[in-house]
Amino acid sequence: SQKIEQNSEALNIQEGKTATLTCNYTNYSPAYLQWYRQDPGRGPVFLLLIRENEKEKRKERLKVTFDTTLKQSLFHITASQPADSATYLCALRTDSWGKLQFGAGTQVVVTP
Amino acid sequence: EAGVAQSPRYKIIEKRQSVAFWCNPISGHATLYWYQQILGQGPKLLIQFQNNGVVDDSQLPKDRFSAERLKGVDSTLKIQPAKLEDSAVYLCASSSLGGNQETQYFGPGTRLLVL
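Below: a short report on this structure. (Residues numbered from 1 in each chain as written. Chains lettered and ligands numbered in written order. Predicted model: local features only at pLDDT ≥ 70, side-chain atom pairs only at ≥ 80, totals over all residues. Heavy atoms only, no water.)

**Considerations on the overall build of chain A**
Here comes step 1: A count of helices and strands for chain A gives zero helices and eleven strands.
Here comes step 2: Listed by position from the N terminus, the elements making up chain A come as β-β-β-β-β-β-β-β-β-β-β.
Here comes step 3: Oriented by its inertia axes, the alpha-carbon framework of chain A measures out at about 40 × 30 × 20 Å.
Here comes step 4: By the burial criterion, 45% of the 112 residues in chain A qualify as buried.
Here comes step 5: Partitioning the contacts of chain A with sequence separation of at least 6, the portion at a separation of at least 24 is 53%.
Here comes step 6: Looking at chain A, you have 14 positive and 11 negative side-chain charges, and the mean spots of the two groups are 3 Å apart. (Helix = DSSP H or I, 4+ residues; strand = E, 2+ residues; numbered from the N terminus. Buried < 20%, exposed > 50% of the residue type's maximum accessible area, 1.4 Å probe, protein only. Contact = heavy atoms within 4.5 Å. Lys, Arg positive; Asp, Glu negative; His and termini not counted. Charge placed at Lys NZ, Arg CZ, Asp CG, Glu CD.)

The structure is reproduced here in structure tokens:
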């Protein structure tokens, strides 16, 4: 089955710096990969989607890369702010019906 | 546009009791998902509906969990009897097109504690 690995340790970063999160996967070639944000006590919120034929996607201060050879996606938050503190989940589409498999998430803590 | 609604937000029960969760997806969304999220883990898909038909329930423990989607709109997820390991957050999500639509919109979840 698909295995998805994200940094298990929390990422502590100073305001204004760039946070970089990693998502590695095995045993599958997903049509696309998504990143979601989850705040405590809330459901995940969709941030970005990147398809297998795309190398990079940007949205405001967020950037996602997708390397299907390495089976890895990197998620960057530039000019980080305390409001960016949350858990970030990567998710892979694993079938034609749009079924998603999620990683465990990486917690990001941005300090002023 | 109203988001995905779930109730109750919290539930505490004793093991072997039964419990039910309700979800109202975003209006017009054909696909509805139920996920289980155990503390420290990512959401795990339990069941996926397209309209009122089941697309995937391969990870649903069918001996104790059941779900239905009435008239292709609201959905209920039931656990009977509950076990200690069912303590988790149960998330409902919906998306606008069957299968091929990418973005899933999540509700706030129901936090279940089984004692």
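**Looking at the nonpolar core**
Here comes step 1: Grouped together as the largest cluster of nonpolar side chains are 22 residues, with contacts concentrated most on Leu21(A), Cys23(A), Leu33(A), Trp35(A), Phe75(A) and Tyr88(A).
Here comes step 2: Contacts of Leu21(A), omitting those with residues within four sequence positions, involve Asn7(A), Leu11(A), Trp35(A), Ser73(A), Leu74(A), Phe75(A), Tyr88(A), Thr106(A) and Val108(A).
Here comes step 3: The next biggest cluster of nonpolar side chains, apart from the first, holds 21 residues, and it includes Ile13(B), Phe49(B), Phe65(B) and Leu77(B). (Core = buried A, V, L, I, M, F, W, Y, C linked by side-chain atoms within 4.5 Å.)

**Quick word on the state of the cysteines**
Residues and elements named next belong to chain A.
Here comes step 1: One pass over the structure, following the stated rule, counts two disulfides over all chains.
Here comes step 2: Across the disulfide, Cys23 is cross-linked to Cys90 (sulfur-sulfur distance 2.0 Å). Given an S-S torsion of about 60°, the disulfide between Cys23 and Cys90 has right-handed geometry. A residue pair is termed long-range when its members are at least 10 positions apart, and Cys23 in strand 3 (residues 19-26) and Cys90 in strand 9 (residues 86-93) qualify at 67 residues.
Here comes step 3: Classification of Cys23 as buried rests on a relative accessible area of 0%.
Here comes step 4: For Cys90, a relative accessible area of 0% gives the class buried. (Disulfide = S-S within 2.5 Å.)

**A short note on the pairing of strand 1 (residues 3-6) of chain A**
Residue and element names in this part refer to chain A.
Here comes step 1: Of the two faces of strand 1, only one is covered, namely that formed by Ile4 and Gln6; the face formed by Lys3 and Glu5 stays uncovered.
Here comes step 2: Where strand 1 meets strand 3, four bridges bridge the pair, whose relative direction is antiparallel. The residue of strand 3 that forms the bridge with Glu5 is Asn24. (Pairing = 2+ DSSP bridges.)

These figures capture arrangement, not role.
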